[in-house]
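# Secondary and tertiary structure notes
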Amino acid sequence: MLVSTVLEISLDHERRECARRLAAMHRRVYPTTEAIYLAPGEDGVVRLLEVVPELDLTGSIFPVGFPPDPEEEIELPSVVILVHPAEWKWLREGTLALPSEWGDLASLEQLS
Amino acid sequence: MSSSAPGRNVRWARAFLAQGCTDLEAANRLAEFEIARPPGRPGVASAATMLLQMALEKISKSGLLLTSSALTVEGVSRGHGAFARLVQTAVLRPTVGVAPIFLHRQWNDLRQARQDPLFRELLEIERHCPAIMGAEARLHGLAPLERPMLEYPWEHSPEGPCRWPERDLPLVREMFKPASRLRPRAGAYLRRVSDELTSYIAARE
């Protein structure tokens, strides 16, 4: 029991560190990013939702996956959803929805 | 973008790609008819453009499904605007997975991409689908019927004239101007992307 708890804490720490590094990398591409959120998860995938004003409005949600990148110290796979600020507003209003594997909007943790 | 997408994602990617290629072929056939259209026959330029938009959407969804085993078919197959979002997300890691297939020439940098007439044209074609125009109408506080779009008529006000894509949509007129290279370039881009995605999928089956 203790070993599995320590392992879970360690994995969660690695996921968060990876998420922070990805968030910093992504901000360099989109400097006007308004917010970056980390979704909960225990499957070893870093899921980030990023609010980016430079995007074209689509009114839809499209996740895009990326593999690990050890050269950049990104040891975990990631999935990124970029949203326009209006789409972020509609997500909060409940008229848009995240894919089911992302959990509730309330469970997102703001990273930056 | 991961190369480990599981079997279901690859099967759906192949299906989206196949249907996208069918839409593209139909768009090309209609365009040929439009260019040589006999006098008195109804125009089909808007239908050809709409089919090009449908091809762009499906081929982009095929690419999206190939990016990761962590995506679900249900989470990717709905909605409209897959091309814009795939390209705008792929620039985060432009050399990985299917990203180089979609990131044409200098599109690695989105600001540079917006200078490319082909990129702007593809975004315009995609944007004129009713769903995205509906989202734009919502953003600007307009009624959905007040945005010009492919497929359906629209109006600028309830008292004003009703317009329809074949006669009134500037995008359609631009696409079929005799000197315009945009429609052939868009078609060539989608054919190249389709060919490269076909090879990408074959390597994973």
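Going by the structure above, here's the rest.
### Let's talk about the overall build of chain B
A tally of helices and strands in chain B yields 11 helices and 2 strands. Its helices and strands taken in sequence order, chain B reads α-α-α-α-α-α-α-α-β-β-α-α-α from the N to the C terminus. Positive and negative side-chain charges in chain B, numbering 28 and 22 respectively, have mean positions lying 4 Å apart.

### Here's the deal with the packing of aromatic side chains
All names here are of chain B. Tallied over the entire structure, the rule returns 7 aromatic pairs over all chains. When the centroid spacing of 6.1 Å and the interplanar angle of 80° are considered together, the rings of phenylalanine 83 and tyrosine 189 count as edge-to-face. Here phenylalanine 83 is found in helix H4 (residues 82–90), whereas its partner tyrosine 189 is found in helix H11 (residues 182–202), with 106 residues between them in sequence. Residue tyrosine 189 is classed as buried on the basis of its relative accessible area, which comes to 3%.

### Concerning the interface of chain A and chain B
Opposite the 35 residues of chain A that make contact, chain B presents 35 residues. For the pair chain A and chain B, the interface holds 5 salt bridges. The residue aspartate 69 of chain A makes a salt bridge to arginine 93 of chain B at a minimum N-O spacing of 3.9 Å. Along the contact surface separating chain A from chain B lie 13 residue pairs in polar contact (both at pLDDT 80 or more). Elements with a minimum of two residues in the side of chain A that touches chain B: helix H1 (2–29), strand S3 (63–66), strand S4 (78–83) and helix H2 (85–93) of chain A. Considering only residue class, the side of chain A that touches chain B consists of 21 nonpolar, 7 polar and 7 charged.

Calculation criteria
- Each chain has its residues counted from 1, running along the sequence as written.
- Each chain takes a letter, starting from A, and each ligand takes a number, starting from 1, following the order in which they are written.
- pLDDT decides what is reported in this predicted model: residues at 70 or higher carry local features, side-chain atom pairs at 80 or more are listed and counted, and totals for whole chains, interfaces and linings draw on all residues regardless.
- Processing note: side-chain calculations cover all non-hydrogen atoms of the structure and skip hydrogens and water entirely.
- Secondary structure is summarised from DSSP: a helix means a run of H or I of at least four residues, a strand means a run of E of at least two, and numbering begins at the N terminus for each.
- Positive: Lys, Arg. Negative: Asp, Glu. His and the chain ends are not part of the count.
- In this description, the location of a charge corresponds to atom NZ of lysine, CZ of arginine, CG of aspartate or CD of glutamate.
- The criterion for an aromatic pair is that two Phe, Tyr or Trp rings (for Trp, the six-membered ring) have centres within 6.5 Å, with stacked assigned to planes under 30 degrees apart, edge-to-face to planes over 60 apart and tilted to the rest.
- Residue exposure (1.4 Å probe, protein chains only): buried if accessible area is under 20% of the type maximum, exposed if over 50%, otherwise partly exposed.
- Contact criterion: two residues are considered in contact whenever any of their non-hydrogen atoms come within 4.5 Å of each other.
- By salt bridge we mean one thing: a side-chain nitrogen of Lys or Arg within 4 Å of a carboxyl oxygen of Asp or Glu.
- Between N or O atoms, a polar contact is any pair within 3.5 Å; within protein, one atom must be a potential hydrogen donor and the other a potential acceptor, and residues adjacent in sequence are included only when both atoms are from side chains.
- Polarity classes work like this: nonpolar for Ala, Val, Leu, Ile, Met, Phe, Trp, Tyr, Cys and Pro, charged for Asp, Glu, Lys and Arg, and polar for all others, with Gly in that last group.

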